[in-house]
Amino acid sequence: MARIALIARKGNSWATGLLKTLRQVRTIHEWYFAEICNLCSRAEGSDSETSYIYIPSLTDREGMMPDLSEAERVFQQCASLRPTKLILLSSALIYGTGPGRQSLVEEDHAAGSYGGHQICNRWKSLEAMAVQYLRGDAPLTILRPTTVLPSPALLSQRLKRWLTLTLPGHDPTLQLLSLGDLAEAMHCAIERDRPGTFNVAPDGVVPLHAGVRIAGGHRIPIPRTLQRVVRRSGTLDYLRYSWTVSNRRIKEELGFTPRKSSVATALECRNRSQANTASEPLFDEFGMDRNYIESYSKTLFKFLCDTYWRIEVKGLEHVPRQGRGVLVGMHRGFMPWDAVMTLYLLVRKTGRFPRFLTHPGLLKFPFISSFVSKLGGVVACQESADRVLESGELLGVFPEGVQGAFTPYRQAYKLLGFGRNDFAKMALRHRAPILPYVTVGSAETFPIFGQIKSRRWTRYSDWPCLPISTFPILPMPLPSKWHIQFLAPIHLEEQYQPEVAQDASVIKAISLEVRTKMQNAVDEMIRRRRSIFFGSIFGPEEKT
């Protein structure tokens, strides 16, 4: 039987509830509550087999920042006690959040990489302090749980209420961890001799709006500018952007198996039962909603494709009906309608649901953020791209980068340089074919006549400029005639080994080949086009 002391401030009701859950999960251990004020006196009567779990107090009413002065006293005392093991309950808040936040972050990811620096820095300082004072004298295990229900955290507080305040136009993907699973993770950390840092998260995610509904609540969207009167901006970002972590390491090294999903935890939030739902819904880790896509495909997308832009397509037979692939396209018009129409055509004609790498600037804007995420947009980063391709899906990229979307109309059909050529590296590493395609007509929907350079606007939006276009004078995109051509796939996997992805000269040559083929196709399509608004450029035998 192991002796385990839970260190917390007197009157910490959440720590008391956690201790009760710990006793229920594992009855074979001897548990006791060690108040911080008399930690040393309690420890004097204990044997050398005592392990400690420290639950830091929180200094803010949102329950998101640890008390560092208290933590310093605790670590000083623990250093003198030399416990068998110390488990520190940190938080997944340490990674921060923001528009560029990737999904399912691993433990080796740099803390505070995405924003929310005040909150992140507190948790970083907490962990650094533990390492500094223990100096390797006692095994240290750091647990970084996602939002625990119930807990003092802001999201937990809001989900427990009948009316839940949210941010309009934002529906972030989240993870909800049950108190029982957190207790189980602590037991695994105690029983396994594996010090280190571990994320603690359930299997499965849930969008915030669905989580509120599943928990039996009702959303009240209140603009961020109003909520900032009583809440810090950094705190609200955790209700604005997705933030999820990977539980792979804790499963592999500590043997932790979460018993409740995020959906099941939300159901338990106010003692609701699984019987209230026909079956537990599954949600996409990136936020894609196929029902949402199919619903719009029957209405808005169908109207835009068939009636408004009258899109004609050539070469859809080149898109594989299964397996991974890298779609390489050109993006014009600064609004992502060309990606939306590509998605619609592929869903309708091939049954494939591609995921497009998305510039983080789009995810800052309310409603656009939710719209893009539900359509399968994923934050443009290496980790997200790898996960999509590893799942055998189609990954869409625009290798010209954000500058391509803001190309002045007079140069709209001259492709820019392909930047770092990451799409070629991804195709090689994952042995996926490159599927180039080009669009003529999308540049005329919101033609860009000029650019206003503004550091303030760039800092706010992450856009390189403020485009001068027909919008907002004309709120609707122009009804230009669109032409989309999918080119023959380039099978790098038949020519190169994955290791070639490290050869810069080969990557540059592949990128140039793809760009040349795309530019030649665009030039030929422009040559055939007689009008911006009318006419076909493909023969009847070419259309698909």
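Our structure is the block above this text.
### Structural notes on the overall build of the protein chain
When helices and strands are counted, the protein chain shows 20 helices and 21 strands. Its C-alpha atoms give the protein chain a radius of gyration of 27 Å, near enough to 24 Å, the size a compact globule of 544 residues would have. For the protein chain, the C-alpha atoms occupy an extent of roughly 90 × 50 × 50 Å along the three principal directions. Taking all contacts inside the protein chain whose residues are at least 6 apart in sequence as the whole, residues at least 24 apart take part in 82%. Charge centroids of the protein chain, computed over 69 positive and 51 negative side chains, lie 7 Å from each other.

### A word on the pattern of salt bridges
Within the structure shown, the criterion is met by 30 salt bridges. Between Arg348 and Asp306 there is a salt bridge whose closest N-O contact spans 3.1 Å. Placement of the pair is Arg348 in helix H14 (residues 337-350) and Asp306 in helix H13 (residues 300-308), with a sequence separation of 42 residues. With relative accessibility at 37%, the residue Arg348 sits in the partly exposed group. With a closest N to O distance of 3.2 Å, Arg529 and Glu444 form a salt bridge. Remark: Glu444 occurs in the loop between strand S18 (434-440) and strand S19 (448-452) and Arg529 occurs in the segment after helix H20 (504-528); sequence separation between them is 85 residues. A relative accessible area of 3% places Glu444 in the buried class.

### Quick word on helix H3 (residues 68-81)
Counted at 1.5 Å a residue, the expected span for H3 with its 14 residues is 20 Å, and the 20 Å between its end C-alpha atoms agrees. Among the residues of H3, those classed as buried are Glu70, Ala71, Val74, Phe75, Gln77 and Cys78. All buried residues of H3 fall inside an arc of 165 degrees around its axis, so they share one side. Where H3 ends, the next residue or the one after it, Arg82, has phi of about 50 degrees, a positive value.

### Notes on the nonpolar core
By size, the foremost hydrophobic cluster in this structure holds 53 residues, and its most contacted members are Ile7, Tyr54, Phe75, Leu86 and Leu88. Per element, the largest residue contribution to this core is 8 residues, and it comes from helix H4 (residues 117-134). Counting 45 residues, the second largest nonpolar core, distinct from the first, contains Val347, Val379, Trp463 and Trp482.

### Considerations on the sheet that holds strand S1 (residues 3-8)
Reading across the sheet, the 6 strands line up as S2-S1-S3-S4-S5-S10 and stay open at both edges, with parallel pairing between neighbours. Across the chains shown, the open sheet's two edge strands, defined by having one partner strand only, are strand S2 (30-35) and strand S10 (196-200). The sheet shows a mean angle of 20 degrees between the axes of neighbouring strands, direction not considered. Direction of pairing for strand S4 (residues 85-89) relative to strand S5 (residues 140-145): parallel, over a ladder of 4 bridges. Counted as the bridge partner of Leu88 is Ile142 from S5. Sitting on the sheet, helix H1 (residues 13-25) touches S1, S2 and S4, and the angle it makes with S2 is about 170 degrees. Contacting strand S3 (50-54), S4 and S5, H4 crosses the sheet at an angle of about 170 degrees to S4.

### Some remarks on the side chain of Asp60
Along the chain, the position of Asp60 falls in the loop between S3 and H3. We classify Asp60 as buried; its relative accessible area is 11%. When neighbours within four sequence positions are excluded, Asp60 is seen to be in contact with Met65 and Arg232.

### A closer look at helix H6 (residues 179-191)
Look at H6: 19 Å from first C-alpha to last across 13 residues, which is about the 18 Å you get at 1.5 Å a residue. Along H6, 11 of the 13 residues are buried, which leaves the element largely enclosed by surrounding structure. Taken as a whole, H6 has its buried residues at Leu179, Asp181, Leu182, Ala183, Glu184, Ala185, Met186, His187, Cys188, Ala189 and Ile190.

### Some remarks on the packing of aromatic side chains
Across all of its chains, the model carries 22 aromatic pairs by this definition. Between Tyr308 and Trp309, the ring centres sit 5.7 Å apart and the planes meet at 70 degrees, which makes this aromatic pair edge-to-face. Counting every residue linked through ring pairs, the aromatic cluster contains Tyr292, Tyr296, Phe301, Phe303, Tyr308, Trp309, Trp337, Tyr344, Phe371 and Trp482. One cation-aromatic arrangement involves Arg290 over Phe353; the distance from NZ or CZ to the ring centre is 4.2 Å. The ring of Tyr292 has Lys374 lying over it, and the distance from NZ or CZ to the ring centre is 5.8 Å.

### Focus on the packing of H13 against H14
It is the contact of H13 with H14, at a shortest axis distance of 10 Å, that shows an interaxial angle of 100 degrees. One element, H13, and the other, H14, form an angle in the roughly perpendicular class. Contacts between H13 and H14 involve Leu300, Phe301, Lys302, Leu304, Cys305 and Asp306 from the former and Trp337, Val340, Met341, Tyr344, Leu345 and Arg348 from the latter. In the contact of H13 with H14, the residues fall into 9 nonpolar, no polar and 3 charged.

### What about a nonpolar patch on the surface?
Taken together, Phe449, Ile452, Leu466 and Ile468 make up a surface patch of nonpolar side chains, about 350 Å² in accessible area. Only S19 and strand S20 (466-469) provide two or more residues apiece to the nonpolar patch. Residue placement: Leu466 occurs in strand S20. Judged by its relative accessible area of 34%, Leu466 falls in the partly exposed class.

### Digging into the sheet that holds strand S17 (residues 394-397)
Strand order in the open sheet formed by 7 strands is S13-S21-S18-S14-S17-S15-S16, with mixed pairing between adjacent strands. The open sheet terminates on both sides in strands that have one partner only, identified here as strand S13 (312-314) and strand S16 (378-379). Where strand S15 (residues 355-358) and S16 come together, 2 bridges link them in parallel fashion. Counterpart to Leu357 in the pairing with S16 is Val378.

### Some points on unusual backbone geometry
Note the cis peptide between Leu149 and Pro150, where omega equals -5 degrees. Note on placement: Pro150 falls in the loop between strand S6 (147-149) and helix H5 (154-159). Although it is not a glycine, Arg310 sits at a positive phi angle of roughly 45 degrees. The residue Arg310 is located in the loop between H13 and S13 in this model.

### Observations regarding the environment of Ser103
Looking at where Ser103 falls in the secondary structure, it is placed in the loop between S4 and H4. When the C-alpha atoms of Ser103 and His218 are compared, they prove to be 26 Å apart, with 115 residues separating the residues in sequence.

Conventions we followed
- Residues numbered from 1 in each chain as written.
- Predicted model: local features only at pLDDT ≥ 70, side-chain atom pairs only at ≥ 80, totals over all residues.
- Heavy atoms only, no water.
- Helix = DSSP H or I, 4+ residues; strand = E, 2+ residues; numbered from the N terminus.
- Rg over C-alpha atoms; globule rule 2.2 N^0.38 Å.
- Contact = heavy atoms within 4.5 Å.
- Lys, Arg positive; Asp, Glu negative; His and termini not counted.
- Charge placed at Lys NZ, Arg CZ, Asp CG, Glu CD.
- Salt bridge = Lys/Arg side-chain N within 4 Å of Asp/Glu carboxyl O.
- Buried < 20%, exposed > 50% of the residue type's maximum accessible area, 1.4 Å probe, protein only.
- Expected span 1.5 Å × (residues − 1).
- Arc of directions from axis to C-beta.
- Core = buried A, V, L, I, M, F, W, Y, C linked by side-chain atoms within 4.5 Å.
- Pairing = 2+ DSSP bridges.
- Axes fitted to C-alpha atoms, helices over the stretch in contact; angles between N-to-C directions.
- Phe/Tyr/Trp six-rings, centres within 6.5 Å; stacked < 30°, edge-to-face > 60°.
- Lys NZ or Arg CZ within 6 Å of the ring centre and 35° of its normal.
- Parallel < 35°, antiparallel > 145°, perpendicular 65-115°, else oblique.
- Nonpolar A, V, L, I, M, F, W, Y, C, P; charged D, E, K, R; others polar.
- Patch = residues over 30% accessible without salt bridge, like charges linked within 9 Å, V, L, I, M, F, W, Y side chains within 5 Å.
- Areas by Shrake-Rupley, 256 points an atom, 1.4 Å probe, with all protein chains shown as cover.

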